[in-house]
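The chain contents come next:
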Amino acid sequence: MKSIVAEHLVRTYRNGEVKALDDLSLDVEEGTVLSVLGPNGAGKTTVVRILSTLLTPDSGSATVGGIDVIKHPEKVREIIGLSGQYAAVDETLTGWDNLVMFGRLYHLGKKASIARADELLERFSLTDSARRPIKTYSGGMRRRLDLAASLIVQPKVLFLDEPTTGLDPRGRQEMWGVIEELVKGGVTLLLTTQYLDEADQLADDIIVVDHGKVIARGTSDALKKQVGGERLEVVVDQAHIASTMEAVAKVSGHAASLDEGLRKVSAPVTTGATALIEVLRLLDAAGIHPLDVALKRPSLDDVFMSLTGHVAEDQAIVIDNARGKKKNKNSEAKS
Amino acid sequence: MNALMDALIITKRQLLQLARVPEVLIFSTIQPVMFVLLFRYVFGGSIATGDPGGYVQLLMPGIFVQTTAFTLAATASGLAEDMTKGLIDRFRSLPISRSALVFGRTLGDGLLNVVVLAVMGLAGFIVGWRPSSGIFKIGLAFIFLLAFGYSLSWVGIFAGLSARDARVVQNMSFLITFPLTFLSNAFAPTTGMPRPLQYVAEWNPVSTMVAACRELFGLQNHFGATANSFPSQHPLTMSLIYMVVILVIFVPLSVRKYSRANKK
């Protein structure tokens, strides 16, 4: 069952001057994580704001948990949690104050609100700072508290808009841990991010968004394959380039290419680490000592660059693998 | 019923804020007290009133009204701050009535006014203010003042939702309230103003409020203009009409604006 479905969303700002969403469709299977990946201004936040009932689209439709977000926003609000780009909590109040207040606004009742606040503070390792004003919290602590506030009623569907933007590496790691725990608990999650490794780490499926359109969709692996598989890279002395190219080509089965400046010889491979061993044996037998040997998997950054750099904007790429095909059918059925 | 409870929780949030940062409360009471002292001792000596008890009797109602008028700015900037911090988005994604947040805030600012007026009244008493109308009418005057502040709070809500930046809101609302409070009978007789300004001052809600309070505190309204205009003849009625008009216009306008606040 689909927990989130958005179809042909269009939203413009400033009387049509700025097109934030341009016929964007997406869907998320219940209990899975979809990452909406894109640069600043791609329309990620607009998607989240529409799905969380804060904004109405100019056209298109969307359901969350089977409920129409435009017709019954008040019902949608009962089953969603939202944590935005900015920690949306009252900074002058303490963490505990905030959570109790939000609990009461979810109509939990006083006792239950307090119990829930204590429980969430404990779960997000904030018990020690519970009685301090949020102002004194670190960025990571604020985000965790903000996330806690969106989990008060155990939402069926959770929207996280750039949950780690602006956090230091440690804060990001902690946040990722927390999010992974949540996902294990079975929540359906839509997560926006501009960090490719974050999508890689957390998401089941990824859609890449640029200029308000979906330009690619698929799993992280599928997206990487889109750019090409692994490449074997060997850096050697100037003198050994020719024979190294021969060795690499032999292992690869394709012609090797050369980056002259870096003296880097590379070729696509399909055999993974075995290719490394093979090429080292050949080089060793030829008496060549490589300066560097590596097996490079394309990062999502490569994926993103290649997608936004080369792909026609009105054409979504559907990744050709099992999961991708399924997605493809869905999107065709809809359009 | 739920909507009222939600609003009260928002109100409680404001009280908690005051408890966590008591400086806010201290400074929002110091300012009006400072006005009391400045006007009482700087201008008081040079303004002859001919009344028993002197200038301070006429001054206090003026300062009370001025202070409640500043509620507009307080409400507006408080709300604008919530808007810029994204807190409003969170409230709006909660399953609560859309009006709860704005109602709650106006109530909270109203409660703050209770404290501020009490402290000012005390300060006034210390420097010689002696209302002579009896406890019932004095109480009524304070209820009137609170109601006036409350109605202006709704203008503040609208202003806070309309502006793009909290600082703009602050400046904007002072730009409204300052001329409004000084172009009135609050601190000096309107009869000294150029003729066209006198009309403005007479019809100014601040003037009718001040005149109404003076009446309720047991004074003749000597600072009223000479004309036999309706507002100077019936300040109480006119003030009530103003409040109702403000509420009728700004409550629905603000609630609507809040529900549609599609910022960014």
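Comment text from UniProt for chain B, heading Subcellular location (unreviewed entry), reads "Membrane".

Quoted verbatim from the Sequence similarities (unreviewed entry) field of the UniProt record, the comment on chain A reads "Belongs to the ABC transporter superfamily. Drug exporter-1 (DrugE1) (TC 3.A.1.105) family." If you open the UniProt record of chain A and go to Subcellular location (unreviewed entry), you find "Cell membrane".

Take the overall build of chain B next. Of regular secondary structure, chain B possesses twelve helices and zero strands. Helices (α) and strands (β) of chain B occur, in sequence order from the N terminus, as α-α-α-α-α-α-α-α-α-α-α-α. The C-alpha atoms of chain B give 19 Å as radius of gyration, which agrees with the globular expectation for 264 residues (18 Å, within 12%). Over its C-alpha atoms, taken along the principal directions, chain B stretches across nearly 60 × 35 × 35 Å. Across chain B, every contact between residues at least 6 apart in sequence was considered, and the portion connecting residues at least 24 apart equals 82%.

On the chain B side, the residues contacting the 24 residues of chain A number 19 residues. Broken down by secondary-structure element, the contributors of at least two residues to the side of chain A that touches chain B are helix 2 (73–77), strand 6 (80–83) and helix 3 (95–105) of chain A. Residues belonging to the side of chain A that touches chain B are distributed by class as follows: 13 nonpolar, five polar and six charged.

As a further point, take the environment of lysine 184 of chain A. Relative to the helices and strands, lysine 184 of chain A resides in helix 6 (residues 169–184). Sequence-wise, lysine 184 of chain A and valine 235 of chain A are 51 residues apart; in three dimensions their C-alpha atoms are separated by 43 Å.

Moving on, we get to helix 3 of chain A. By the criterion of burial, helix 3 of chain A is predominantly enclosed, with eleven of the eleven residues buried. Here helix 3 of chain A has its buried residues at Gly95, Trp96, Asp97, Asn98, Leu99, Val100, Met101, Phe102, Gly103, Arg104 and Leu105 of chain A. In the core, the buried residues of helix 3 of chain A are packed alongside helix 4 (110–123) and helix 5 (139–149) of chain A together with helix 1 (2–20) of chain B. Of the residues flanking the end of helix 3 of chain A, it is histidine 107 of chain A, one or two places downstream, whose phi is positive at about 65°.

Let us look at the pairing of strand 11 (residues 231–235) of chain A. All names here are of chain A. Across five bridges, the pairing between strand 11 and strand 13 (residues 264–268) is antiparallel. Its bridge partner being in strand 13, glutamate 233 is matched across the sheet by serine 266. Where strand 11 lies against strand 14 (residues 292–296), five bridges are found, and the strand directions are antiparallel. Note that in strand 14 the partner of valine 234 across the bridge is valine 293.

A few words on the packing of helix 3 of chain A against helix 5 of chain A. In helix packing, the relevant descriptors are the interaxial angle and the interaxial distance, both defined with respect to the helix axes. All names here are of chain A. At a minimum axis distance of 10 Å, the contact between helix 3 and helix 5 shows a crossing angle of 20°. By the angle between their axes, helix 3 is roughly parallel relative to helix 5. Here the hand of the crossing between helix 3 and helix 5 comes out right-handed. Only Leu145, Ala148 and Ala149 of helix 5 make contact with helix 3, whose side of the interface consists of Gly95, Asn98, Leu99 and Phe102. When the residues that make up the contact of helix 3 with helix 5 are grouped by side-chain class, the tally is five nonpolar, two polar and no charged.

To continue, consider the environment of serine 151 of chain B. Residues and elements named next belong to chain B. Positionally, serine 151 belongs in helix 7 (residues 135–162). Of the residues examined, serine 151 has 25 C-beta atoms within 10 Å and is grouped as buried. Once the C-alpha coordinates of serine 151 and valine 245 are considered, the two residues, 94 residues apart in sequence, prove to be 9.1 Å apart. Beyond its immediate chain neighbours, meaning those up to four positions away, serine 151 contacts Met243, Ile246 and Leu247.

Residue and element names in this part refer to chain B. UniProt's entry tags residues 21–43, 55–80, 101–129, 135–161, 168–188 and 236–255 with the feature "transmembrane region" (unreviewed entry), counted in the numbering of this structure. For residues 55–80, the helix share is 96%, the strand share is 0%, and the end-to-end C-alpha distance is 38 Å. For the annotated span residues 101–129, helix accounts for 90% and strand for 0% of the residues, and the straight-line distance between the end C-alpha atoms is 38 Å.

Quick look at the nonpolar core now. Within soluble globular proteins, side chains that are nonpolar generally end up buried alongside one another. By size, the foremost hydrophobic cluster in this structure holds 144 residues, and its most contacted members are Leu51, Leu99, Leu190 and Ile207 of chain A together with Val65 and Cys213 of chain B. The dominant element in this core, judged by the number of residues it contributes, is helix 7 of chain B, at eleven residues. Among the nonpolar cores identified, the runner-up in size contains 13 residues, and Val234, Ala247, Val269 and Ala275 of chain A belong to it.

Right, let's talk about the packing of helix 3 (residues 55–69) of chain B against helix 7 of chain B for a bit. Residues and elements named next belong to chain B. Where helix 3 meets helix 7, the axes come as close as 8 Å, and the angle between the chain directions of the two elements is 30°. Classified by the angle their axes make, helix 3 and helix 7 are roughly parallel. Where helix 3 crosses over helix 7, the two elements pack in a sense that is right-handed. The residues of helix 7 that touch helix 3, namely those facing Phe64, Val65, Thr68 and Ala69, are Leu145, Phe148, Gly149 and Leu152. Split into classes, the residues belonging to the contact of helix 3 with helix 7 amount to six nonpolar, two polar and no charged.

The end-to-end C-alpha distance of helix 6 (residues 100–126) of chain B is 39 Å, a good match for the 39 Å that 27 residues give at a rise of 1.5 Å each. With its phi angle positive at about 110°, glycine 128 of chain B sits one or two positions after the end of helix 6 of chain B.

Residue and element names in this part refer to chain A. Read from one edge of the open sheet, four strands run 2-1-4-5, paired in antiparallel fashion. A strand with exactly one partner marks an edge of an open sheet, and here the two such strands are strand 2 (18–29) and strand 5 (67–68). Helix-sheet contacts for helix 1 (residues 44–51) involve strand 1 (2–13), strand 2 and strand 4 (59–64), and the interaxial angle to strand 1 is about 120°.

What counts, and where the lines are drawn
Residues numbered from 1 in each chain as written. Chains lettered and ligands numbered in written order. Predicted model: local features only at pLDDT ≥ 70, side-chain atom pairs only at ≥ 80, totals over all residues. UniProt positions renumbered as here; feature names shortened; annotations may be inferred. Helix = DSSP H or I, 4+ residues; strand = E, 2+ residues; numbered from the N terminus. Rg over C-alpha atoms; globule rule 2.2 N^0.38 Å. Contact = placed C-beta atoms within 7 Å. Nonpolar A, V, L, I, M, F, W, Y, C, P; charged D, E, K, R; others polar. Buried ≥ 20, exposed ≤ 12 C-beta atoms within 10 Å, placed from the backbone. Pairing = 2+ DSSP bridges. Axes fitted to C-alpha atoms, helices over the stretch in contact; angles between N-to-C directions. Parallel < 35°, antiparallel > 145°, perpendicular 65-115°, else oblique. Left-handed = near helix turned anticlockwise from the far one by under 90°. Core = buried A, V, L, I, M, F, W, Y, C linked by C-beta atoms within 7 Å. Expected span 1.5 Å × (residues − 1).

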